[in-house]
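Each chain, letter by letter, is given below.
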Amino acid sequence: MPYRWIETAPTEGQADATATELHLWPYRSLPRKGFVIFIVIFVTLISLPLFAVLGRVEMWWLLPFIIATVAGVWWAISHSYRTGEVREVLSFGPQKLRLIRRDPGRASVRDWEANVHWARVEMHAKGGPVPNYLTLLGGPREVEIGAFLTPEERRELHGELTRHIAKASAPNPL
């Protein structure tokens with residue numbers, strides 16, 4: 001799953017106040033090591049036609065196209081990595097819920113806060129930009145969460161978020 005729940009231990013001043021965070025990121029099907037292996041194999045295979053024309057004038061006609069193809073594939077995969085650097089962090093505090101989103105190529109972060117007692121998560125099965133579109137309500141505006149997840153992952157996350165918000169907004173016994 002491209003998200004993880006992190007619970008931190010309570011500090012000395014707050015005996016029963018555990019902090020919970022949800023970290024979300026887009027799924028990467030090709031890790032960096034796989035990228036290197038792919039490029040090596042790709043360059044090897046696309047260079048095979050050069051061996052047939054090695055030492056001939058035709059090699060210089062093929063070489064720019066092969067270099068341009070390798071550079072284009074390299075750029076496309078690198079661009080995919082850059083756009084996949086989205087990070088969302090949802091923090092559950094004792095009184096508030098906070099969502100921070102960091103987008104690649106953006107200097108500022110997007111921030112959303114709401115009172116945990118008024119916050120709720122909604123799943124729009126249809127009508128959103130993606131199937132099973134998840135939003136958080138309760139603050140000054142409605143915000144999306146996990147739009148880069150698969151529909152099944154968003155459905156599962158909806159249940160988990162609903163449970164965590166209910167747990168966070170439940171009154172603490174003294």
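Residues numbered from 1 in each chain as written. Predicted model: local features only at pLDDT ≥ 70, side-chain atom pairs only at ≥ 80, totals over all residues. Heavy atoms only, no water.

Peer 1: Whenever I open this one, the packing of aromatic side chains confuses me. Can you help?
Peer 2: Any two aromatic rings considered together are summarised by their centre-to-centre distance and by the angle between their planes. Under the definition given, this model contains 4 aromatic pairs. Taking the centre distance of 5.9 Å and the plane angle of 35° together, the rings of W5 and F92 count as tilted. Linking W5 in strand β1 (residues 3–8) with F92 in strand β3 (residues 87–92), this pair joins segments that are 87 residues apart in sequence. Note on F35 and W74: the rings are 5.1 Å apart at their centroids and 70° apart in plane angle, and the pair reads as edge-to-face. Taken together, the positions of F35 in helix α1 (residues 32–46) and W74 in helix α3 (residues 58–83) put the pair 39 residues apart, joining distant regions of the chain. (Phe/Tyr/Trp six-rings, centres within 6.5 Å; stacked < 30°, edge-to-face > 60°. Helix = DSSP H or I, 4+ residues; strand = E, 2+ residues; numbered from the N terminus.)

Peer 1: Looking at this structure, how should I read the sheet that holds strand β6 (residues 120–124)?
Peer 2: Two pairing modes exist for strands in a sheet, parallel and antiparallel, and in both the strands are linked by backbone hydrogen bonds. Spatially, the 3 strands line up as an open sheet ordered β6-β7-β8, and their pairing is antiparallel. Edge positions in the sheet fall to β6 and β8 (143–144), since each has one partner strand and no second. Here β6 runs beside strand β7 (residues 133–137); their pairing, made up of 5 bridges, is antiparallel. Along β7, the bridge assignment pairs R120 with L137. Contacts from helix α4 (residues 151–169) reach β6 and β7, with the element oriented near 160° to β6. (Pairing = 2+ DSSP bridges. Contact = heavy atoms within 4.5 Å. Axes fitted to C-alpha atoms, helices over the stretch in contact; angles between N-to-C directions.)

Peer 1: Is there a simple way to explain α1 in this structure?
Peer 2: Since one α-helical turn is 3.6 residues long, residues separated by three or four positions face the same way. Along its 15 residues, α1 runs 21 Å from first to last C-alpha, staying within 8% of the 21 Å computed at 1.5 Å per residue. Three or more residues of α1 are buried, namely G34, F35 and I39. For α1, the arc enclosing every buried residue in end-on projection is 135°, short of the 170-degree limit, so these residues lie on one face. Of the exposed residues in α1, the ones pointing more than 90 degrees away from its buried face are K33 and V36. (Expected span 1.5 Å × (residues − 1). Buried < 20%, exposed > 50% of the residue type's maximum accessible area, 1.4 Å probe, protein only. Arc of directions from axis to C-beta.)

Peer 1: Would you explain a nonpolar patch on the surface in this entry?
Peer 2: A cluster of nonpolar side chains, contributed by I37, I41, L45, L48, F51 and L54, occupies part of the molecular surface with about 640 Å² of accessible area. Residue assignment for the nonpolar patch shows that the elements contributing at least two residues are α1 and α2 (48–52). Tracing the sequence through the fold places F51 in helix α2. The class of F51 is exposed, set by a relative accessible area of 59%. (Patch = residues over 30% accessible without salt bridge, like charges linked within 9 Å, V, L, I, M, F, W, Y side chains within 5 Å. Areas by Shrake-Rupley, 256 points an atom, 1.4 Å probe, with all protein chains shown as cover. Salt bridge = Lys/Arg side-chain N within 4 Å of Asp/Glu carboxyl O.)

Peer 1: When you look at the pattern of salt bridges in this model, what are you seeing that I'm missing?
Peer 2: Any two side chains of opposite charge can pair if their charged atoms end up close together. One pass over the full model with this rule turns up 9 salt bridges. The salt bridge involving E58 is made with R56; its shortest N-O contact spans 3.4 Å. Judged by its relative accessible area of 45%, R56 falls in the partly exposed class. The partner of R101 in a salt bridge is E88, with the nearest N and O atoms 2.6 Å apart. Residue R101 is located in strand β4 (residues 96–102), and its partner E88 is located in strand β3; the two are separated by 13 residues in the primary sequence. In terms of burial, R101 and E88 fall into one category: buried. Look at the salt bridges and you will find they share partners, linking E88, R101, D103, R106 and R110 into a network.

Peer 1: Honestly, unusual backbone geometry in this entry has me stumped. Any pointers?
Peer 2: The phi angle of most residues is negative, glycine excepted, and most peptide bonds adopt the trans form. In the Ramachandran plot, N132 falls in the positive-phi region, its phi being about 55° despite a non-glycine side chain. Tracing the chain through its elements places N132 in the loop between β6 and β7.

Peer 1: What is the right way to look at the side chain of N132 in this model?
Peer 2: Overall, the relative accessible area of 8% leaves N132 in the buried class. A polar contact is formed between the side chain of N132 and the backbone oxygen of P151, at a distance of 3.2 Å. (Polar contact = N/O pair within 3.5 Å; in protein donor to acceptor, adjacent residues only side chain to side chain.)

Peer 1: I tried to follow the environment of F38 on my own but got confused; where do I start?
Peer 2: Assignment of secondary structure puts F38 in helix α1. Excluding its chain neighbours within four sequence positions, the residues that come into contact with F38 are V73 and I77.

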